[in-house]
Amino acid sequence: MSYLDGVILAIISTIGFGATAVLAQSGMQYVKPASVTIISLIVGSAIVFVVAFILELDEITAISITALLFILLNAALSYPIGRLFNFIGVKYAGASRASSVIGIAPLITTGLAVWLTDEKLTGMVLGGTLLILIGITLILSDRSFKKPDHNSDNNKQIGTTS
């Protein structure tokens, strides 16, 4: 695969990530964020296992211990913890706001990549990260935001009696 292929796949993945927040918000009208997280992780893991074993079985069996430790740390931080906190943020701040805040991830990624992997910080990357910061600041300073109403009849959990 080429650099451009990687960029195209990353752009396509944003559709899934963007839809996730909206779909999770819709589902959380009926269940709590932890339940949405567990179901999401189980279904997502099953799909990834099948695809990985079909496409990359040789690579999976050749993973080094060092690489496995980084993968396990990623799995612990990103998927269960990150997704749970993301879904809680979506429940209380709304899908568009919570997803916008998550949009600062490139700032964190850039800082960690420069620090831990010796990536070079170019003027374009620095400029892009500054624009992200400005955009997030504008979004969060919007005072016209209306918090989702979690006490209305439409937002009660299925099976409850109050």
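Residues numbered from 1 in each chain as written. Predicted model: local features only at pLDDT ≥ 70, side-chain atom pairs only at ≥ 80, totals over all residues. Heavy atoms only, no water.

## Concerning helix H4 (residues 95–102)
In step 1: Listing the buried residues of H4 in full gives Ala 95, Arg 97, Ala 98 and Ser 100.
In step 2: In the core, the buried residues of H4 are packed alongside helix H1 (3–27), helix H3 (65–93) and helix H6 (123–140). (Buried < 20%, exposed > 50% of the residue type's maximum accessible area, 1.4 Å probe, protein only. Helix = DSSP H or I, 4+ residues; strand = E, 2+ residues; numbered from the N terminus. Contact = heavy atoms within 4.5 Å.)

## Remarks on a nonpolar patch on the surface
In step 1: A cluster of nonpolar side chains, Phe 49, Phe 53, Leu 57, Ile 60, Ile 63, Ile 65, Leu 68, Leu 69, Ile 71 and Leu 72, forms an exposed patch at the surface whose accessible area comes to about 930 Å².
In step 2: Tracing the backbone through its elements, the reader meets Leu 68 in helix H3.
In step 3: Residue classification places Leu 68 among the partly exposed residues on the basis of a relative accessible area of 35%. (Patch = residues over 30% accessible without salt bridge, like charges linked within 9 Å, V, L, I, M, F, W, Y side chains within 5 Å. Areas by Shrake-Rupley, 256 points an atom, 1.4 Å probe, with all protein chains shown as cover. Salt bridge = Lys/Arg side-chain N within 4 Å of Asp/Glu carboxyl O.)

## Some points on the packing of aromatic side chains
In step 1: Counted by the stated rule, this structure contains one aromatic pair.
In step 2: Each ring, one from Phe 49 and one from Phe 53, has its centre 6.2 Å from the other, and the planes form 20 degrees; the classification is stacked. Here Phe 49 and its partner Phe 53 are both found in helix H2 (residues 33–61), four residues apart, which amounts to about one turn of the helix. (Phe/Tyr/Trp six-rings, centres within 6.5 Å; stacked < 30°, edge-to-face > 60°.)

## Some remarks on the layout of surface pockets
In step 1: Of the pockets and cavities examined, the second largest pocket occupies roughly 150 Å³.
In step 2: Thr 20, Leu 23, Ala 24, Gly 27, Val 31, Ser 35, Val 36, Ile 39, Ser 40 and Phe 87 are the residues that line the second largest pocket.
In step 3: Broken down by secondary-structure element, the contributors of at least two residues to the lining of the second largest pocket are H1 and H2. (1 Å grid on protein atoms, 1.4 Å probe; cavity = no way out; pocket = protein on both sides within 12 Å on 5 of 7 lines; lining within 4 Å. Points joined across faces, edges and corners; volume = space filled by probe spheres on them.)

## A word on the nonpolar core
In step 1: Of all hydrophobic cores here, the largest spans eight residues; its members are Ala 21, Ala 24, Met 28, Val 36, Phe 87, Val 90, Ala 95 and Ala 98.
In step 2: Contributing elements (two or more residues each) for this core: H1, H3 and H4.
In step 3: When sequence neighbours within four positions are dropped, the list of residues in contact with Ala 21 reads Val 90, Ala 95 and Ser 99. (Core = buried A, V, L, I, M, F, W, Y, C linked by side-chain atoms within 4.5 Å.)

## Re the packing of H2 against H3
The geometry of a pair of packed helices is captured by two quantities: the angle between their axes and the separation between those axes.
In step 1: Interhelical geometry of H2 versus H3 gives an angle of 135 degrees and a closest axis separation of 9 Å. With respect to their mutual orientation, H2 and H3 come out oblique. Classified by chirality, the crossing of H3 by H2 is right-handed. Only Tyr 79, Pro 80, Arg 83, Leu 84, Phe 87, Ile 88 and Lys 91 of H3 make contact with H2, whose side of the interface consists of Pro 33, Ala 34, Val 36, Thr 37, Ser 40 and Leu 41.
In step 2: A class-by-class count of the residues in the contact of H2 with H3 yields nine nonpolar, two polar and two charged. (Axes fitted to C-alpha atoms, helices over the stretch in contact; angles between N-to-C directions. Parallel < 35°, antiparallel > 145°, perpendicular 65-115°, else oblique. Left-handed = near helix turned anticlockwise from the far one by under 90°. Nonpolar A, V, L, I, M, F, W, Y, C, P; charged D, E, K, R; others polar.)

## Topic: the confidence of the model for the protein
In step 1: In the predicted model, the protein carries a mean pLDDT of 82, and 88% of its residues have values of at least 70.
In step 2: Within the protein, the lowest mean pLDDT, 83, falls on H4, and the highest, 88, falls on helix H5 (residues 105–117).
In step 3: Every residue in residues 152–162 is under pLDDT 50, and counting partners more than four places away or in other chains gives 13 contacts. (pLDDT = per-residue confidence, 0-100.)

## Concerning the environment of Leu 140
In step 1: Structurally, Leu 140 can be placed in helix H6.
In step 2: Under the relative-accessibility criterion, Leu 140 is labelled partly exposed at 38%.
In step 3: When near neighbours in sequence (up to four residues on either side) are disregarded, Leu 140 contacts Arg 97 and Val 101.

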